[in-house]
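# Examination of the molecular architecture
Letter by letter, the chains look like this.
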2 protein chains.
Amino acid sequence: MATHFAATNPMTTPAAATLGQLAAAPYDLAAPNALAPDRIQAMRSRAAGFDLLYATERLTDPVLDALGELATQTHAVDQFAAMMGGAVMNRIEGHPSEERQVLHTASRNVFDDLPCPHDPGQADAAAKAKAQLDRLKAFLADLDAGTLANAHGKPFTDLVQVGIGGSDLGPRALTIALRNYWRPDRRVHFVSNVDPDDAVAVLDDLDLATTLVNVVSKSGTTLETLTNERLVAERFVQAGLDPTRHFLSVTGEGSPMDNPDRYLRSFHMYDYIGGRFSATSMVGGVALGFGLGYDVFLDILRGAREMDLNALEPNARDNLPLLAALIGIWNRNFLGHATLAILPYSQMLSRFAAHLQQLDMESNGKRVNRRGEPVAYPTGPIVWGEPGTNGQHAFYQLIHQSETIIPSEFIGFRRSQAGLDLAVEGTTSQQKLLANLLAQTVALATGKPDDNPNKVFPGNRPSSVLIADQLTPHTLGALLAYYENKVAFQGFIWNINSFDQEGVQLGKVLAKQFTAHFEANASDASYDGADTDPTGWAMMKAAGLA
Amino acid sequence: MATHFAATNPMTTPAAATLGQLAAAPYDLAAPNALAPDRIQAMRSRAAGFDLLYATERLTDPVLDALGELATQTHAVDQFAAMMGGAVMNRIEGHPSEERQVLHTASRNVFDDLPCPHDPGQADAAAKAKAQLDRLKAFLADLDAGTLANAHGKPFTDLVQVGIGGSDLGPRALTIALRNYWRPDRRVHFVSNVDPDDAVAVLDDLDLATTLVNVVSKSGTTLETLTNERLVAERFVQAGLDPTRHFLSVTGEGSPMDNPDRYLRSFHMYDYIGGRFSATSMVGGVALGFGLGYDVFLDILRGAREMDLNALEPNARDNLPLLAALIGIWNRNFLGHATLAILPYSQMLSRFAAHLQQLDMESNGKRVNRRGEPVAYPTGPIVWGEPGTNGQHAFYQLIHQSETIIPSEFIGFRRSQAGLDLAVEGTTSQQKLLANLLAQTVALATGKPDDNPNKVFPGNRPSSVLIADQLTPHTLGALLAYYENKVAFQGFIWNINSFDQEGVQLGKVLAKQFTAHFEANASDASYDGADTDPTGWAMMKAAGLA
């Protein structure tokens, strides 16, 4: 595939000119009757089990039309289709770069009954995804049948995933999100931080004799992960257990971790799937399959696949991820808001915002375009958030009354996940939860005057509501893909490479300098790091570490 | 106490004029040799077991001097002393407001061997704090002695804290932070969200027969907390257990929850301690005392008390919380950065940033001054963060390479908490963790040129490092008070009321409208909410909820 799209500066398109004019007087949500029922009804889009309500954004039909034109003029859906079809989208033209395809969508292109508009470009990756799924299925069946068990024939009860970044945040967020789907006989845990206290705290509660460890690193060389693997393996040895009978790996084919001598099983991930987009690959599959069952994992994939197919809709109002991307660009580039709050009204999504923070900020926190030229417009926002209603009792004060405007994305579900609830004073907890969600989105929009200036709410805080029936594996998969695809669309429109992460390299290089100081200092009392690295050594001394 | 300080606009002080001029050319951290050893050594302050390193901020001595003058000209330390001495700092002059003292510092003014410069103003509150501590000590002793046990004489093994906002985030963050101090025979859990899935998930794993429930609400009327109390109590009844033999309360004297008929014990909190400042009162004390022991809780209080006393130092360079507050104001008001990242290099602090997010944003996310006039300058930043090294593999890409500058506060410890570690390739995990922390702060400051524009790091991202020997109860208490006092100082200097939260009221009012819709709709099939609330009812319909 030779299709590239590195040419368009979104801010010089005719659509951007129109949007710039419209942004001079954005829709006044605080005006009388600004949230009329017909507006609320009209500003709603549906796909893959979700409704997106956006009447509470500072949008009008002309703005939406211009945003649709911006998508057309930047070839947003064409780029998405090219990505799914195997184009080399991870590249910077004219400079050394990763030069990779971007095929995370292939990891859920595994259903014969759903259309495959992007074969043949994705066919090879989809076949590899299916092959890994089959290996996972067989592995899980061996565990269930007891043909794979510990040295004493006992079934494995726990799995510890050792990974960091994309090998941690997505799988962890999904595992927590499906609390009520956990198998009663199994538990899943995560160790990520190189902080030794992390592994100690997790291992403390476990019977290692019935514990599997899944080590996840595409390169097989991630410092934190290899260090934690050694630390955990040492504990197994101390307990008289053979790590090779307990350890699994998920890694690139041919990496140092793709080694049957060291691992009970090795599953593969591919260089065309970036870490932050890898939750639906084996990176999430092994842990989710172990803890929740193979069929639950397949349901997640099906939901994601449905949202991927929705992302190919040419009309922005029918394409939920594209619509969300465009609203985000309106708030970021035309209304000038630097951050984005993710506010799920579900405690089960307690770590979902942390996953989205990585997904969005690592993808779109960039300063050069796909030709390596500095971009003259803001790119990815700062993404943060916590579940409601908790956040209401924490940081919403600032969202309501500060002069700093924070666009907010509410996420909700009509029914609770466990289905256990109680009516207190006429309503259930779930109804109270939803009442709060709707109240917040309306309050942020309309505001409220008051004679007491300390009780004035200025309003015109934009937000949207994404809602589905229930947080099931299927809707969770769709929700995950909604955000993956939203982020990809924004990168395509901003004309940046959302799929590399050069900004993490300098810290890695400098960290090696500091570990060298620690090492030399420990072995040689006369060592003076100031000879080679005066700044670093002075930092060590000022911090009381040398 | 009649002392008020509502007169000073910080931006019209002579110091602000100087700072405005200096901000035109802030220190260039990316210039050659910008981080010289003498600068690093000089820009360090110490108190209560912590070193604050700030050479990697965009500061010079003239800036620091002017910031010190700003503190003087806004009477920052005097205001802090007045607060500790019982002045009515929670007020808006000329408008109805809470009109309360602000005496959370009294909750740790309980040590005879530490100075009490603010008696007599704080004496009454300190006496009340001591009395509650004595009641807590007696309660915990009864549990240990077995004189207080369940209906079958079995000891209580678990405590579920039911509370939200300040009754949840602080106590939860502190509990998690002291993982290696937990009593082996006890566990502490938290239920906060009105989402029914929250309580279900927590209760699932518990033996209710040996579980205490601590319901925390100052007013005794918090919707989420009362709803969850009922939901949890119902579970006890279903299990054949009498809630009055298992439930405790922490509440205001005379509140509906201050009721010996309903609770095994009721502990008191006072209206002069705001929720987000209440972790060292009984709001944190009961859970921490149960799970970690009375002496551990006292160690937390002692650390906090030491940092409170440090906050009275008149010289800004010797007063850590004030220095941090001033650096924050430099970054927010003079360099124009809207957010603040909290980056603890300790997995044990995994929920500490969420607590600080509430503490800071609810306190200082305000738009009027203490006379009710709109402020013409930015106030509290958006606070967010996750532990390193995890964040390095997530959102640091944006911090390093985006054009959006994010001031960052690193927190670290020279030794791990558990003390279990392993050397891999010459360094321990703790050394790798610290190497990464130092590498990040240097990399953010200095940046790096590169021929490949995608690998350019512009540098000049300001950050600071706060470091102590180890995360113990004592240092945790000091760390907590450091941030409480930093936030209070910023509010004093910004001339805003950091101690109310009017911005949460409108959402509460509208939520009642929505619960009324749910209730009426369930009981009357012909109900039409559009008659009274067309916007709200249209939102319900668009969301598929009516």
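So, here is what we can say about the structure in this document. (Residues numbered from 1 in each chain as written. Chains lettered and ligands numbered in written order. Predicted model: local features only at pLDDT ≥ 70, side-chain atom pairs only at ≥ 80, totals over all residues. Heavy atoms only, no water.)

## Brief notes about the sheet that holds strand E1 (residues 44-47) of chain B
Residues and elements named next belong to chain B. Taken in spatial order, the six strands make up an open sheet running E1-E2-E13-E10-E8-E9, and their pairing is mixed. Only two strands of the sheet have a single neighbouring strand rather than two, namely E1 and strand E9 (382-384). Averaged over all adjacent pairs, the angle separating strand axes in this sheet is 15 degrees, with direction ignored. The sheet contact formed by strand E10 (residues 408-413) and strand E13 (residues 463-468) spans six bridges and is parallel. Among the inter-strand pairings, Phe410 is bridged to a residue of E13, identified as Val465. In the packing of helix H12 (residues 352-364) onto the sheet, contacts are made with strand E8 (339-344) and E9, and the angle to E9 comes to roughly 165 degrees. (Pairing = 2+ DSSP bridges. Helix = DSSP H or I, 4+ residues; strand = E, 2+ residues; numbered from the N terminus. Axes fitted to C-alpha atoms, helices over the stretch in contact; angles between N-to-C directions. Contact = heavy atoms within 4.5 Å.)

## Describing the interface of chain A and chain B
Residue-level contacts link 131 residues of chain A with 131 residues of chain B. Taken together, both faces of the contact between chain A and chain B bury some 11800 Å²; the carbon and sulfur share is 64%. At the surface where chain A touches chain B, the tally comes to 10 salt bridges. Across the contact surface, chain A and chain B share 48 residue pairs in polar contact (both at pLDDT 80 or more). Here the element with the most residues in the side of chain A that touches chain B is helix H14 (residues 429-446) of chain A; it accounts for 14 residues. (Buried area = accessible area lost by both parts, 1.4 Å probe. Salt bridge = Lys/Arg side-chain N within 4 Å of Asp/Glu carboxyl O. Polar contact = N/O pair within 3.5 Å; in protein donor to acceptor, adjacent residues only side chain to side chain.)

## Focus: the environment of B:Ala279
Residues and elements named next belong to chain B. Within the secondary structure layout, Ala279 lies in the loop between strand E7 (265-269) and helix H9 (282-292). Put simply, Ala279 and Tyr345 are 66 residues apart on the chain and 22 Å apart in space, counted from C-alpha to C-alpha. Aside from chain neighbours lying at most four places away, what touches Ala279 is Gly170, Leu174, Gly284, Gly285, Phe297 and Leu480.

## What about the relation of the copies chain A and chain B?
Expressed as a screw operation, the relation of chain A to chain B combines 0.0 Å of axial shift with a rotation of 180 degrees, fitting to an RMSD of 0.0 Å. When the rotation and shift are considered jointly, the pair of chain copies conforms to a two-fold rotation axis. Considering only C-alpha atoms, the part of chain A nearest the rotation axis is A:Trp384, at 3.3 Å. Here 100% of the contact residues of chain A are again contact residues in chain B; the copies associate through an equivalent surface. (Least-squares fit on C-alpha atoms with pLDDT ≥ 70 in both.)

## Brief notes about the environment of A:His118
All names here are of chain A. Relative to the assigned elements, His118 resides in the loop between helix H4 (76-84) and helix H5 (123-145). Taking relative accessible area as the criterion, His118 reaches 17% and is therefore assigned buried. Sequence-wise, His118 and Ala530 are 412 residues apart; in three dimensions their C-alpha atoms are separated by 57 Å. When residues no more than four places from it in sequence are discounted, the contact partners of His118 are Ala81, Met84, Gly85 and Leu312. (Buried < 20%, exposed > 50% of the residue type's maximum accessible area, 1.4 Å probe, protein only.)

## Focus on the packing of aromatic side chains
Summed over the entire model, instances satisfying the criterion amount to 26 aromatic pairs over all chains. Summarising the aromatic geometry, the rings of A:Phe277 and A:Phe499 are spaced 5.6 Å apart at their centres and angled 50 degrees between planes, so their arrangement reads as tilted. Residue A:Phe277 is found in the loop between strand E7 (265-269) and helix H9 (282-292), and its partner A:Phe499 is found in the loop between helix H15 (473-494) and helix H16 (505-523); the two are separated by 222 residues along the sequence. Taken as a pair, A:Phe277 and A:Phe499 share a single burial class, namely buried. Their ring planes at 65 degrees and their centres at 5.7 Å tell us that B:Phe139 and B:Phe267 sit as a pair that is edge-to-face. Residue B:Phe139 is found in helix H5 (residues 123-145), and its partner B:Phe267 is found in strand E7; the two are separated by 128 residues along the sequence. Side by side, B:Phe139 and B:Phe267 carry an identical accessibility label, which is buried. Among the aromatic side chains, those forming a connected cluster through ring pairs are A:Phe277, A:Phe492 and A:Phe499. (Phe/Tyr/Trp six-rings, centres within 6.5 Å; stacked < 30°, edge-to-face > 60°.)

## Remarks on helix H11 (residues 320-334) of chain A
Residue and element names in this part refer to chain A. In this model, H11 (15 residues) spans 20 Å end to end at C-alpha, consistent with the 21 Å of a helix rising 1.5 Å per residue. The opening residue of H11 is Asn319, an N-cap whose side-chain oxygen sits 3.0 Å from the backbone nitrogen of Leu322. Gly336 sits one or two positions beyond H11 and adopts a positive phi of about 80 degrees. (Expected span 1.5 Å × (residues − 1).)

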